[in-house]
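# Breakdown of the fold
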Number of protein chains: 2
Amino acid sequence: MNRFLSNVTSKIDAKGRVSVPSVFRSVLIQRNIQELYCFQDFVFPAISAGGPDLLDRFERQIAAEDPFSPEANEMSLLIHGGGVFIKLDSEGRMMVTDFIRDFTGIVSEVTFVGRADHFQLWHPPAFAEVQAAAREGRRLRGTRPTV
Amino acid sequence: MNRFLSNVTSKIDAKGRVSVPSVFRSVLIQRNIQELYCFQDFVFPAISAGGPDLLDRFERQIAAEDPFSPEANEMSLLIHGGGVFIKLDSEGRMMVTDFIRDFTGIVSEVTFVGRADHFQLWHPPAFAEVQAAAREGRRLRGTRPTV
DNA sequence: TGGGACCATATGGGCGTCAATGGGAAGCGG
DNA sequence: CCGCTTCCCATTGACGCCCATATGGTCCCA
């Protein structure tokens, strides 16, 4: 599989590290992603992680605007000020820094959530709650996938 | 990485100094920036800091206009009158002067914010507030990254 | 079909290096 | 002559890199 799918919850160890699930790591290898671009998500209290191409895409979006405009500055504040490159160690683990903890509420466990071209890091109860709300909203609207 | 990314908050010591985060210092070395050009940001209540090339770019922009135009005068007032060169000490720390404090509201802590080709110094609560507002604005406008 | 060997992932921790921080002392300017 | 700044050194703690062990699942063979 070449997309990030499903979700996995794993524990943070005593040194503040967490193993990135192997299903996600194998996708990273397939896509030849050496270093993760992680940013504070625009919509959810989660960290989104993907390849450097994600950042490139955002920057192209900024470049299309007037660099002095408030909108371009706000966008940069989010993707540059709210983003960081993170490397995995030789065992495929990443450090859970305060940058991640403060924004997500993550304390001792991380839920990794696949989002096709990227994946996210969630505080487990927050994910359960938001996912349930999303399911409920969809049910109320009576939406069905158009096949 | 060759860009300024992410944000880090650190304390000002008893002598009024603050350590520039090592992630930013390594970018400064890569770009061969010896001395920081710091100016009062045009958009946010923050000090922007980058290499001398930043100032050069601004000056070229002025030179392209009629030197007696109100725009050129305003611009010079901002980048010359509102700018200063600052050196780091041998440990990579900088003095937090009143020039910085008065404009930003910084008191005892500084949030360093990466902005790709430069970085900024913020009063921590101000940054949290403005970044959250930027995120909210984006969410309301319904903007999504163009895939 | 059950047992066992093997492999891959997950997890825990040791250790060296480097960044962050605090403070002494000399240099410079007012 | 005094205060601020800059240079230098020491200490502490965090992080990166590495290896050792645990765990669970699969495959093969008896």
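Refer to the preceding data block for the structure.
Attention here is on the structure that accompanies the text. Everything quoted here is computed from the prediction, not taken from an experiment.

Scoring rules and cut-offs
Residues numbered from 1 in each chain as written. Chains lettered and ligands numbered in written order. Predicted model: local features only at pLDDT ≥ 70, side-chain atom pairs only at ≥ 80, totals over all residues. Heavy atoms only, no water. Helix = DSSP H or I, 4+ residues; strand = E, 2+ residues; numbered from the N terminus. Rg over C-alpha atoms; globule rule 2.2 N^0.38 Å. Buried < 20%, exposed > 50% of the residue type's maximum accessible area, 1.4 Å probe, protein only. Contact = heavy atoms within 4.5 Å. Areas by Shrake-Rupley, 256 points an atom, 1.4 Å probe, with all protein chains shown as cover. Core = buried A, V, L, I, M, F, W, Y, C linked by side-chain atoms within 4.5 Å. Patch = residues over 30% accessible without salt bridge, like charges linked within 9 Å, V, L, I, M, F, W, Y side chains within 5 Å. Salt bridge = Lys/Arg side-chain N within 4 Å of Asp/Glu carboxyl O. Lys, Arg positive; Asp, Glu negative; His and termini not counted. Charge placed at Lys NZ, Arg CZ, Asp CG, Glu CD.

It is worth spelling out the overall build of chain A at this point. Counting its secondary structure elements, chain A contains five helices and eight strands. Start at the N end of chain A and walk to the C end: the helices and strands fall as β-β-α-β-β-α-α-β-β-α-β-β-α. Its C-alpha radius of gyration of 16 Å places chain A within 12% of the 15 Å reference for a compact globule of 147 residues. Expressed as a percentage of the 147 residues in chain A, the buried residues total 46%. Restricting the contact set of chain A to residue pairs at least 6 apart, pairs at least 24 apart contribute 59%. As displayed, chain A offers around 7,700 Å² of accessible surface, 54% of which is attributable to carbon and sulfur atoms.

A separate point is the nonpolar core. Core analysis: the biggest nonpolar cluster contains 24 residues, and A:M94, A:I100, A:V110, A:F112, A:F119 and A:L121 have the highest contact counts within it. Counting residues per element, the ones that place at least two in this core are helix 1 (22-30), strand 3 (36-40), strand 4 (47-50), strand 5 (83-86), helix 4 (98-104), strand 7 (109-114) and strand 8 (119-122) of chain A. Setting aside chain neighbours within four positions, we find A:I100 in contact with A:I47, A:I86, A:M94, A:M95, A:I106 and A:L121. Residues B:V20, B:F24, B:C38 and B:A49 belong to the second largest nonpolar core, which totals 21 residues.

Another point: a negative patch on the surface. Residue and element names in this part refer to chain B. A cluster of acidic residues, E65, D66, E71 and E74, forms a negative patch at the surface. Structurally, E74 is set in helix 3 (residues 70-79). A residue is classified by how much of its surface remains accessible, and E74, at 53% relative accessible area, is exposed.

All names here are of chain A. Within the secondary structure, M95 sits in strand 6 (residues 93-95). Among the residues examined, M95 registers a relative accessible area of 42% and is labelled partly exposed. C-alpha of M95 to C-alpha of D13: the two residues are 82 residues apart in sequence and 9.7 Å apart in space. Apart from residues no more than four positions distant in its own chain, M95 is found in contact with K15, G16, R17 and I100.

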